[in-house]
Amino acid sequence: DNFFRPYPGYANVTLTDNAYSSNYNALLVSLNRRFTAGLQIGVSYTYSKYLDYTGNSANGSTSGNGVSSNVPVYLPLRTWAYGFDAADQTHNLVINYSYQAPRLTSNKLLGFVANDWLISGVTQFVSGLPQAVTFTTVSGADLTGGGDGQRVNVVGDGSMNGKDFYHWFNPAAFALPAINTPGNAGKFNFRQPGVANWDMAVSKRFPIASEKRFLQFRWEAYNTFNHTQ
């Protein structure tokens, strides 16, 4: 790249430019049920798409020595740098709830243990984040001679949707690009696994002498069903 510099004898000259943009579009829906008959529940859902020009090294581009590059110098800006933002998550469903269990018995002794239990929690189902596939060569050879580096060639569907713990993406969908070619991959090539998380709590108050004084038993569990996140 030094042979192409307009000012011989100087290395990088930094240019700051407000030339890039991002856009976020979403459908937001919420549904709430106020506390009635012991139950309160709220549901919120977001369906969104977040696109931008990359400004970080998450775009997965590398030169032959594995050095990440950002905004392209020679290649078309939109083709190389525009696409999903690293924080894009298509679906985001969150449910919160609180349920006051009914009294099971009128017997004071049994009711001291069996009555007035409260179950509450927050549940989330969220799409995975975009992920890029990068590469290096065993020899460390520079396959482009400088410039904007290379990305992998995408030759198939990279997503396997987490069919099992060891196969979150399809490695056969990616191939080494030819010498002096940029590769056809975009900013991101597949999505990481999503989140399916349950945080729950069970509690009960035990009155002492009067309703104003009580002891509380509370059991909280995060990722209650031990789902791999």
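Residues numbered from 1 in each chain as written. Predicted model: local features only at pLDDT ≥ 70, side-chain atom pairs only at ≥ 80, totals over all residues. Heavy atoms only, no water.

Trainee: Residue-level account of the overall build of the protein chain, with values.
Mentor: Within the protein chain, the regular secondary structure consists of two helices and 13 strands. Taken over the C-alpha trace, the protein chain has a radius of gyration of 27 Å; the compact-globule value for 229 residues is 17 Å, which it surpasses by more than 25%. The principal-axis extents of the C-alpha atoms in the protein chain amount to approximately 90 × 40 × 30 Å. A burial count over the protein chain gives 28% of its 229 residues as buried. Restricting to contacts in the protein chain with at least 6 residues of sequence separation, those with at least 24 account for 68%. Put simply, the protein chain shows about 15400 Å² of open surface, and 58% of that area lies on carbon and sulfur atoms. Here the protein chain carries 16 positive and 13 negative side-chain charges, and the mean point of each set is 17 Å from the other. (Helix = DSSP H or I, 4+ residues; strand = E, 2+ residues; numbered from the N terminus. Rg over C-alpha atoms; globule rule 2.2 N^0.38 Å. Buried < 20%, exposed > 50% of the residue type's maximum accessible area, 1.4 Å probe, protein only. Contact = heavy atoms within 4.5 Å. Areas by Shrake-Rupley, 256 points an atom, 1.4 Å probe, with all protein chains shown as cover. Lys, Arg positive; Asp, Glu negative; His and termini not counted. Charge placed at Lys NZ, Arg CZ, Asp CG, Glu CD.)

Trainee: Explain the packing of aromatic side chains to me, and be specific about the residues and the numbers.
Mentor: Counted under the stated rule, the structure contains seven aromatic pairs. Residues Tyr24 and Tyr50 carry aromatic rings whose centres are separated by 6.0 Å and whose planes lie at 85° to one another, so their mutual orientation is edge-to-face. Here the residue Tyr24 occupies a position in strand β1 (residues 22-36), and Tyr50 occupies one in strand β2 (residues 39-53), the gap between them amounting to 26 residues. Classification of Tyr24 by relative accessible area gives partly exposed; the value is 47%. Between Tyr53 and Tyr82, the aromatic rings sit 4.9 Å apart at their centres with planes inclined by 50°, giving tilted as the arrangement. Within this pair, whereas Tyr53 is found in strand β2, its partner Tyr82 is found in strand β3 (residues 82-84), the two being separated by 29 residues in sequence. Neither residue differs from the other here; Tyr53 and Tyr82 are each classed as buried. Counting every residue linked through ring pairs, the aromatic cluster contains Phe125, Trp198 and Phe225. (Phe/Tyr/Trp six-rings, centres within 6.5 Å; stacked < 30°, edge-to-face > 60°.)

Trainee: Explain the confidence of the model for the protein chain to me, using residue names and the numbers behind them.
Mentor: On average, residues of the protein chain score 83 in pLDDT, and 90% of them are at 70 or above. The low-confidence segment residues 56-69 (pLDDT under 50) makes 43 contacts with residues lying over four places distant or belonging to another chain. (pLDDT = per-residue confidence, 0-100.)

Trainee: Go over the pattern of salt bridges, please, and point to the residues and values.
Mentor: Per the stated rule, a full pass over the model turns up four salt bridges. Among the salt bridges present, the one from Asp52 reaches Lys187, with a minimum N-O distance of 2.8 Å. Residue Asp52 is located in strand β2, and its partner Lys187 is located in the loop between β10 (174-175) and β11 (190-191); the two are separated by 135 residues in the primary sequence. Lys187 carries the same exposure label as Asp52, and that label is buried. Between Asp88 and Arg191 there is a salt bridge whose closest N-O contact spans 2.4 Å. One end of the pair, Asp88, is in the loop between β3 and β4 (91-100); the other, Arg191, is in strand β11, with 103 residues separating them in the sequence. On the basis of relative accessible area, Asp88 is assigned to the buried category, the value being 1%. Under the relative-accessibility criterion, Arg191 is labelled partly exposed at 24%. (Salt bridge = Lys/Arg side-chain N within 4 Å of Asp/Glu carboxyl O.)

Trainee: Account for the environment of Asn223, naming residues and giving values.
Mentor: Take Asn223: it is sitting in the segment after β13 (210-221). With 35 residues separating them along the chain, Asn223 and Phe188 place their C-alpha atoms 28 Å apart. A distance of 2.9 Å separates a polar atom in the side chain of Asn223 from the backbone oxygen of His227. (Polar contact = N/O pair within 3.5 Å; in protein donor to acceptor, adjacent residues only side chain to side chain.)

Trainee: Go over the environment of Ser159, please, and point to the residues and values.
Mentor: As for its position among the elements, Ser159 is in strand β8 (residues 159-164). With relative accessibility at 24%, the residue Ser159 sits in the partly exposed group. In the structure, Ser159 is positioned 14 residues away from Ala173 in sequence and 8.7 Å away in space, judged by C-alpha atoms.

Trainee: Lay out the pairing of β4 in plain terms, naming residues and giving numbers.
Mentor: Taken together, the nine bridges between β2 and β4 define a ladder with antiparallel strand orientation. Counterpart to Ile41 in the pairing with β4 is Tyr97. (Pairing = 2+ DSSP bridges.)

Trainee: Just give me the short version of the pairing of β2, but keep the residues and values in it.
Mentor: Summarising the sheet, β1 and β2 pair through 13 bridges and their orientation is antiparallel. Looking at β2, one finds that Ser22 is bridged to Asp52. What sits between β1 and β2 in their antiparallel hairpin is a turn of two residues, with Ala37 showing a positive phi close to 55°. For β2 and β3, the ladder comprises three bridges, and the chain directions are antiparallel. Along β3, the bridge assignment pairs Tyr53 with Tyr82.

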